[in-house]
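Analysis of the macromolecular model
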Amino acid sequence: HSKMRTLIAEADINRRVHELANDIRRDHPDGVHLIGVLTGAFIFLADLGRAIGGDTTIDFIAVSSYGKGATSSGQVQLLKDLDAPIEGRDVIIVEDIVDTGLTLTYLQEMLRARAPRRVRTACLLSKPSRRKVDVAVDYVGFSIEDHFVVGYGLDHAERHRVLTSIGVVEP
């Protein structure tokens, strides 16, 4: 039976989400279109969008990195595309966690090809030690060590997503 250790408390997440929202509002005074990467980003996206307020619109995309086992191969399959065009819009990709950067690089390139005015990225968590490619992340909630984390949208076998803090699963 695995134990859980709190890595980032609920109050710290809430404070950081509001700081990121302030930065995004400052950088995008005319409104912004958030694209949530399913499924892990949905809680972060909801809180971030409400904190940004104003002319904020939301869409979702779902991708799956596939290949052998749990290591990302960099091959990405699009499971759900956007519902609305993004041409000429200020777009922010909202990710729960950026580790290798391979999936995010794919998403950035795919969305840039659709002629938005600007593409930026916000992630709740970043694991710099896991990067395989140098990918731009404009708004980072927290940089963390290479822990297996759950909560606040992140899951382990679809469990623990609804935790209000971020925890580390320990054996």
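Located above this text is the structure these notes cover.
A few points on the structure. These figures come from a predicted structure and were not determined experimentally. (Residues numbered from 1 in each chain as written. Predicted model: local features only at pLDDT ≥ 70, side-chain atom pairs only at ≥ 80, totals over all residues. Heavy atoms only, no water.)

Focus on the packing of helix 1 (residues 10-27) against helix 2 (residues 42-52)
To characterise two packed helices, one gives the angle between the axes of the helices and the distance between these axes. Heads up, the rule is: For every element, the axis is a line fit to its C-alpha atoms; helices are fit only across the contacting stretch, and the angle between N-to-C directions ranges from 0 to 180 degrees. In DSSP terms, a helix is any run of H or I states spanning at least four residues, a strand is any run of E spanning at least two, and both are numbered starting from the N terminus. We call two directions roughly parallel when the angle between them is under 35 degrees, roughly antiparallel when it is over 145, roughly perpendicular when it lies between 65 and 115, and oblique otherwise. Each helix crossing is assigned a hand: it is left-handed if the near helix lies turned anticlockwise from the far helix by less than a right angle, otherwise right-handed if that turn is clockwise. Contacts between residues were defined by any pair of non-hydrogen atoms, one from each residue, lying within 4.5 Å. Basically, the charged four are Asp, Glu, Lys and Arg, the nonpolar ten are Ala, Val, Leu, Ile, Met, Phe, Trp, Tyr, Cys and Pro, and anything else, Gly included, counts as polar.
Taken N-terminus to C-terminus, the directions of helix 1 and helix 2 make an angle of 55°; their axes are 8 Å apart at the nearest point. Taken together, helix 1 and helix 2 sit at an angle that is classed as oblique. Our pair here, helix 1 against helix 2, has a crossing hand that is right-handed. Contact with helix 1, carried on its side by Val17, His18, Leu20, Ala21, Ile24 and Arg25, involves Phe44, Asp47, Leu48, Ala51 and Ile52 of helix 2 and no other residues of that element. Split by residue class, the contact of helix 1 with helix 2 holds eight nonpolar, one polar and two charged.

Focus: the environment of Gln75
For Gln75, the position within the fold is in strand 4 (residues 75-80). Through-space distance from the C-alpha of Gln75 to that of Leu102 is 8.3 Å; in sequence the pair is 27 residues apart.

Some points on helix 1
Residue pairs spaced three or four apart in an α-helix point in one direction, given the helix's 3.6 residues per turn. We apply this condition: Helices are assigned an expected span. That span is 1.5 Å times one less than the residue count. Classification of residues uses two cut-offs on accessible area relative to the type maximum, computed with a 1.4 Å probe and protein chains only: under 20% is buried, over 50% is exposed, and between them is partly exposed. Throughout, the arc means that of the directions going from the helix axis to the C-beta atoms.
Taking 1.5 Å per residue as the helical rise, helix 1 with its 18 residues ought to reach 26 Å, and the 26 Å between its terminal C-alpha atoms agrees with that figure. Listed as buried for helix 1 are Ile13, Val17, Leu20, Ala21 and Ile24. Summarising the axial view, the buried residues of helix 1 lie within an arc of 105°, below the 170-degree limit, and thus occupy one face. Exposed and oriented more than 90 degrees from the buried face of helix 1 are Ala11 and Arg26.

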